[in-house]
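Tertiary structure, described
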There are 4 protein chains.
Amino acid sequence: MKIGLLTSGGDCPGLNAVIRGAVLKGVISHDAEFVGFRWGWRGVVEGDFMPLVRHDVRGLSKQGGTILGSSRTNPYEGAGGGPEAIQRTLDENGIDAIIAIGGEGTLTAARRLHDEGGINIVGVPKTIDNDLAATDYSFGFDTAVEIATEAIDRLRTTAESHGRCMVLEVMGRHVGWIALHSGMAGGAHAILIPEQPQSIEQICEWVESVRDRGRAPLVVVAEGFHLDTMEEAHSHKGLDAFNRPRLGGIAEQLAPMIEARTGIESRDTVLGHIQRGGAPSAYDRVLATRLGMAAVEAAYDGAWGSMVALRGTDIEVVSIAEATGGLNTVPQERYDEARILFG
Amino acid sequence: MKIGLLTSGGDCPGLNAVIRGAVLKGVISHDAEFVGFRWGWRGVVEGDFMPLVRHDVRGLSKQGGTILGSSRTNPYEGAGGGPEAIQRTLDENGIDAIIAIGGEGTLTAARRLHDEGGINIVGVPKTIDNDLAATDYSFGFDTAVEIATEAIDRLRTTAESHGRCMVLEVMGRHVGWIALHSGMAGGAHAILIPEQPQSIEQICEWVESVRDRGRAPLVVVAEGFHLDTMEEAHSHKGLDAFNRPRLGGIAEQLAPMIEARTGIESRDTVLGHIQRGGAPSAYDRVLATRLGMAAVEAAYDGAWGSMVALRGTDIEVVSIAEATGGLNTVPQERYDEARILFG
Amino acid sequence: MKIGLLTSGGDCPGLNAVIRGAVLKGVISHDAEFVGFRWGWRGVVEGDFMPLVRHDVRGLSKQGGTILGSSRTNPYEGAGGGPEAIQRTLDENGIDAIIAIGGEGTLTAARRLHDEGGINIVGVPKTIDNDLAATDYSFGFDTAVEIATEAIDRLRTTAESHGRCMVLEVMGRHVGWIALHSGMAGGAHAILIPEQPQSIEQICEWVESVRDRGRAPLVVVAEGFHLDTMEEAHSHKGLDAFNRPRLGGIAEQLAPMIEARTGIESRDTVLGHIQRGGAPSAYDRVLATRLGMAAVEAAYDGAWGSMVALRGTDIEVVSIAEATGGLNTVPQERYDEARILFG
Amino acid sequence: MKIGLLTSGGDCPGLNAVIRGAVLKGVISHDAEFVGFRWGWRGVVEGDFMPLVRHDVRGLSKQGGTILGSSRTNPYEGAGGGPEAIQRTLDENGIDAIIAIGGEGTLTAARRLHDEGGINIVGVPKTIDNDLAATDYSFGFDTAVEIATEAIDRLRTTAESHGRCMVLEVMGRHVGWIALHSGMAGGAHAILIPEQPQSIEQICEWVESVRDRGRAPLVVVAEGFHLDTMEEAHSHKGLDAFNRPRLGGIAEQLAPMIEARTGIESRDTVLGHIQRGGAPSAYDRVLATRLGMAAVEAAYDGAWGSMVALRGTDIEVVSIAEATGGLNTVPQERYDEARILFG
């Protein structure tokens, strides 16, 4: 079999380990042949790819990013896209199947390409935010949590030295997993996530209770969190939207609000892209390698239109529909569990 | 409720996070009172303990080791032990229950103390080797894998620079989980585990095939691995047993055997105690914190004689019998999965 | 002798190691007594201090921040300050001397207090930016460079995966040492420092030349850098000053300017407080410990009004005037050396 | 100019950064051409080399080991060696000069080849042990100290949890710099170095004094340390020499001796090759890059037979004789300084 690999969407530690796992498994167990499409779906639509032999994936498990490049190109958008164009690329180059490594958008597209276009596709879930259902965890998430936790450890000592409140913004546009886990690991005094809007009054109550115990408050906030006092939030957001076209911003809003209300000097830090770059943790390397290997096995089993996923300690083959059917949000009981430690 | 905590057996990153999780959960949710028994069961038998209030657990989630101390004392051994002595300590000090954090031995003893002595006990599984059944993973394991993987990353560059074979010995007396995961994460060319004896011929075949591809072979071996060519192993072991009373030793045996047979200069490294010390990974901090909190909840639910465990993404209350009924060995399919990447 | 220690100004990894080194050296070699003034000069002026015995400094060498707290209080400002108030605090509490650990402001104040007020003071240079003359390096700097370098390593893989330009802002208000060293260590394609204003045209030329070689450009910029095309800079700064009261900001300005001119998608990351928190590097622990010990020795030698400093591999006693006489800027030849690697 | 680079002797973090610095400097500033000799002097004698262009050194500053390979081949040994063979390789391939990166042996050979054979050579000092005179520090040393310090941090928590004495063996065959710096950074209770033989009685006195203060003793020992009670050492060494052909061994001797005399359970850990592998610290990357660049500059200045070295904050060109004239041992005052913190 000749298989084309692609990585799509925001990069994530472990992408290269998936590629390496897939190529080694395919070459060694099945004598498969591989190509790598460049820059995600764009490479498929444009027929831009490179051969991937065993030597090319050497040492990749510890390497961050993706050697194939990635983009947010949607295979259905633009003039040249769609199932026909993709099938043409495959046919013209004798490629039998695609292993698509990507998030919600990529997996949804993969499913349509299979269902509507009959294209042989297996999906590998990629989400640093851990927002895909149908898999317990996805690679990249553990590394991001580790990096955010290390940042909290560092911020804590500087906070205590100056009696300041620190507000750390981590990734998490729609779900708060990175904030929840890093906040628990780092002993944060408040964890603010998109699933659980809070009022500024509640946040300040937590912050003040920490100060009253003689400590420096540490707040971890997911980028997608919003205050539930809408007016307040809006007036700040309005200002923000106009002048600051960058992602994030919630920590920049919260720090001065906390300082104004509590009188505690407050500072914000936005972790940003550091969370998604660099060498994956051992956990993510193992998970990504196993997913890559399993995706090839699924291809050889003809499980087209399916996706590999972590369930407990096993890698299983599941339907893409399961993964894309809804966001993997932080359940109420997990937030309640963490909330006991606040304040 | 007044709860006594103890940590028993070899230490493990995350013990302090369990203690912190339990104390915070108990104090905040239930207004519980806590004491910490010193040096494991010894403290229970001898009535040696210290009060544990909220302030005492501050900042503990990132601290390695155990503030309570640990030992391998068995509560049933010696003159002063047994259920009566333990019950006496509890009665005399108004302690209602014990949360025992320990491995197979501790959990077995906990179960007997509950079953035979009617003592109120909840167990928390602790095993850096990941050898307990009934929990998907235990805290400390992820940290150990991370440290072993970092060692592999470091050894690889020195191996390649000199064209040497490196043999790294990691923990794992009865099961090979640390070797399996770190070997997969680090891209080892052979992973040797207690569950899968191999002949020296097979090992050298893997090593030579790596050399023939122009690379420096990297072998990860669990301390409990043994060769299946018994004579060979014995003759070496005989020598070893006489002169070297230290733990480990398999890497020291293998390196010269590999060098003698393949002609490839070989070196061994024994990671040893470094794997069990120091700050836990974020993964282990979250797991340990959740287990500590859940153990207190189990105590308030009166789930005596049970144990908290990780299942998928949930913490569940299970019977201790499940955990101590058999070793959590590496299944054949997991070894086969990894073995594809050898050689 | 009874010595009072204080830490003043922004915190810095290694402050606690200085404290530990001073206390251990004093207690063991001279049977000295120590107190720690809380929150910098404020503690001296207000007579707020705590005893420091050997036990209090246990394990401190690896701990970030300062157990004494810090503030930017100037001993000469406010109603209660000045040499008389300070001498009164010392006299009333039988304190013979002060070891003041701080930056330019603290050392200048220390010198005045000694010269004008006859107070027994020894200074220890503290500057994470490495901007003090008279010492080759100061503790905290190495840790900050290490953290910034790790960030560059991480940003590089995500930059390459998306073909983006990354702009990383590091500390350095008046001097560019952190940017220079981390940029060299991380292989940055442009290093922008306060000492060397550059035009946006020059920066974009470097960025484009990197892109033309098929790579993702990585720019490291010190927070105090400014463009030498003044109009451009001003028009952006005007906007900025109005809406964004936070520190930093140069990276946020540069990224969109680079993107607009080169067409290369550009992202900024501001490292911020992470650079100054957390465990010091081994280098900084050794340096800080030695400085703390040497400061006590200087006190016992009666070298009042002087400061300890690193010269080559030695710790020497120098005049405070030397350190505060001028900024330790990046010399032209060091920038030229690094600049060869740009573009 | 066409310059041949070689790396010789044990590998060391930073070798690749030297290579990268040299090639970039040469190509960009002087339009130089480079080749890399494989496996140290062996490549020069045998004419085994590869071209090194700008692209080949991309990303090398953070990569451990040496892409050229290394060996302990002496250019004067064997049938084919000597200045004539080397000059022949140079002449036949149009190579004008050699930059030799290596330790005492390599630099001595380089000097002879220049003095006796008139070969154009510039040396770059490489010693992870920091045992070369004429340079304040050499690259690799800081990384090794960092790794050893992290090991001490980890060992401490496990030691305290079990009330054990830990003996950590670090590199340092003839000089104790790694032990001295990591021991100071990690807060070791005894530092044992080749320059300062101690009796087992003295070591046990330090260990017991730590235990008496309620702490777990931590001993750092350089591999080249020897007891000054010769009989004791010999009787153990005799046994050792026979059965254990591996490097190191002093920690394995000391731990049981300490346990036998003090009654404190003692464990040894040998760091071994981990200290010399993997990514260099930022400090070492900067130093190595600067040395590589300076070596090329020295070549273009015709400073044959000289060596580049760190002096304070500057890279200077010095005579090789200076570096090879004597070991850079730990001076008495540095040991005395550290010794105050023992026990």
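The coordinates are above.
So, here is what we can say about the structure in this document. Every value quoted in this text rests on a predicted model; they were computed, and no experiment measured them. (Residues numbered from 1 in each chain as written. Chains lettered and ligands numbered in written order. Predicted model: local features only at pLDDT ≥ 70, side-chain atom pairs only at ≥ 80, totals over all residues. Heavy atoms only, no water.)

Remarks on the relation of the copies chain A and chain C
Two copies of a chain can be linked by a rotation about an axis combined with a shift along that same axis. Here is the rule: Overlaid copies result from least-squares superposition on C-alpha atoms, with residues included only where pLDDT is at least 70 in both. Contacts between residues were defined by any pair of non-hydrogen atoms, one from each residue, lying within 4.5 Å.
In screw terms, the move from chain A to chain C is a rotation of 180° and a rise of 0.0 Å along the axis, fitting with an RMSD of 0.0 Å. One copy is carried onto the other by what is essentially a two-fold rotation axis. A symmetric contact is evident, with 100% of the interface residues of chain A recurring at the interface of chain C.

Overview of the sheet that holds strand β6 (residues 165-170) of chain A
All names here are of chain A. Note the following rule: Two strands pair under a simple rule: DSSP has to find at least two bridges between them. By the criteria applied, helices consist of DSSP H or I runs no shorter than four residues and strands consist of E runs no shorter than two, each listed in order from the N terminus. Where helices are involved, their axes are fitted lines through C-alpha atoms of the stretch in contact, as for all axes, and angles between N-to-C directions lie from 0 to 180°.
Pairing is parallel across the open sheet formed by four strands, whose spatial order is β7-β8-β6-β9. Since the sheet does not close on itself, it has two edges, and those belong to β7 (190-192) and β9 (266-270), each with one partner. Neighbour to neighbour, the strand axes of the sheet diverge by 20° on average, direction disregarded. Looking at chain direction, β7 and strand β8 (residues 218-222) are connected through three bridges and run parallel. Across the sheet, the residue bridging to A190 is V219, located in β8.

Here we look at the packing of helix α6 (residues 177-186) of chain C against helix α10 (residues 282-300) of chain D
Convention followed: Any angle that is under 35 degrees is reported as roughly parallel, and any over 145 degrees as roughly antiparallel; angles of 65 to 115 degrees are reported as roughly perpendicular and all others as oblique. Side-chain classes are defined by residue name, with Ala, Val, Leu, Ile, Met, Phe, Trp, Tyr, Cys and Pro counting as nonpolar, Asp, Glu, Lys and Arg as charged, and the others, Gly among them, as polar.
With their axes 8 Å apart at the nearest point, α6(C) and α10(D) run at an angle of 75° to one another. Compared by their axis directions, α6(C) and α10(D) come out roughly perpendicular. Along its contact with α6(C), which presents C:H181, C:M184, C:A185 and C:G186, the element α10(D) presents D:A282, D:R285, D:V286, D:T289, D:R290 and D:M293. Its residues placed into classes, the contact of α6(C) with α10(D) shows five nonpolar, three polar and two charged.

Things to note about the state of the cysteines
Let me state the cut-off plainly: Throughout, a disulfide means two cysteine sulfur atoms within 2.5 Å of one another.
Summed over all chains, the structure comprises zero disulfides over all chains. Between A:C165, a cysteine without a disulfide, and A:C204, which holds the nearest cysteine sulfur, the sulfur-to-sulfur distance is 8.4 Å.

Focus on the relation of the copies chain B and chain A
For the pair chain B and chain A, the relating rotation is 180°, the translation along its axis is 0.0 Å, and the fit reaches an RMSD of 0.0 Å. When you check the interface residues of chain B against chain A, 100% turn up at the interface there too, and the contact is symmetric in its surfaces.

Some details on the interface of chain A and chain C
Often, the extent of an interface is quoted as the loss of accessible area upon association of its parts. Under the convention used in this document: Summed over both partners, the accessible area (1.4 Å probe) lost when two parts come together is defined as the buried area. By the criterion applied in these results, polar contacts are pairs of N or O atoms within 3.5 Å in which, for protein atoms, one can donate a hydrogen and the other can accept it, and in which residues neighboring in sequence qualify only through two side-chain atoms.
The interface of chain A with chain C comprises 40 residues on the first partner and 40 residues on the second. Both sides together, the interface formed by chain A and chain C hides about 3000 Å², and carbon and sulfur atoms give 53% of it. Interface area lost by chain A to chain C is led by A:R154, A:H273 and A:I274, which between them contribute 23%. Remark: the boundary between chain A and chain C carries 16 residue pairs in polar contact (both at pLDDT 80 or more). The set of elements that each furnish at least two residues to the side of chain A that touches chain C consists of α5 (141-162), α8 (230-243) and β9 of chain A. Of the residues assigned to the side of chain A that touches chain C, the class counts are 10 nonpolar, 18 polar and 12 charged.

Quick look at the packing of helix α7 (residues 200-212) of chain D against helix α9 (residues 250-262) of chain D
All names here are of chain D. So the rule is basically this: The handedness criterion is simple: a crossing whose near helix is rotated anticlockwise from the far helix by less than a right angle is left-handed, and one whose near helix is rotated clockwise is right-handed.
In the contact formed by α7 and α9, the axes pass within 10 Å of each other and the chain directions differ by 65°. What the angle tells us is that α7 and α9 run roughly perpendicular. Our pair here, α7 against α9, has a crossing hand that is right-handed. Here I200, E201, I203, C204, V207, E208 and R211 of α7 come into contact with α9, specifically with L254, M257, I258, R261 and T262.

Examining helix α12 (residues 332-339) of chain C
Under the convention used in this document: In this scheme, a residue with accessible area under 20% of its type's maximum is buried, one over 50% is exposed, and one in between is partly exposed, where area comes from a 1.4 Å probe on protein chains only. Think of it as the arc spanned by the lines of direction from the helix axis to the C-beta atoms.
Along α12(C), the residues that are buried comprise C:R334, C:Y335, C:E337 and C:A338. Down the axis of α12(C), the buried set is contained in an arc of 155°. They therefore lie on one face. For α12(C), the secondary structure elements touched by its buried residues are α6, β7 (190-192) and α7 (200-212) of chain C together with α10 of chain D.

Note that all results are geometric; they support no functional claim without further evidence.
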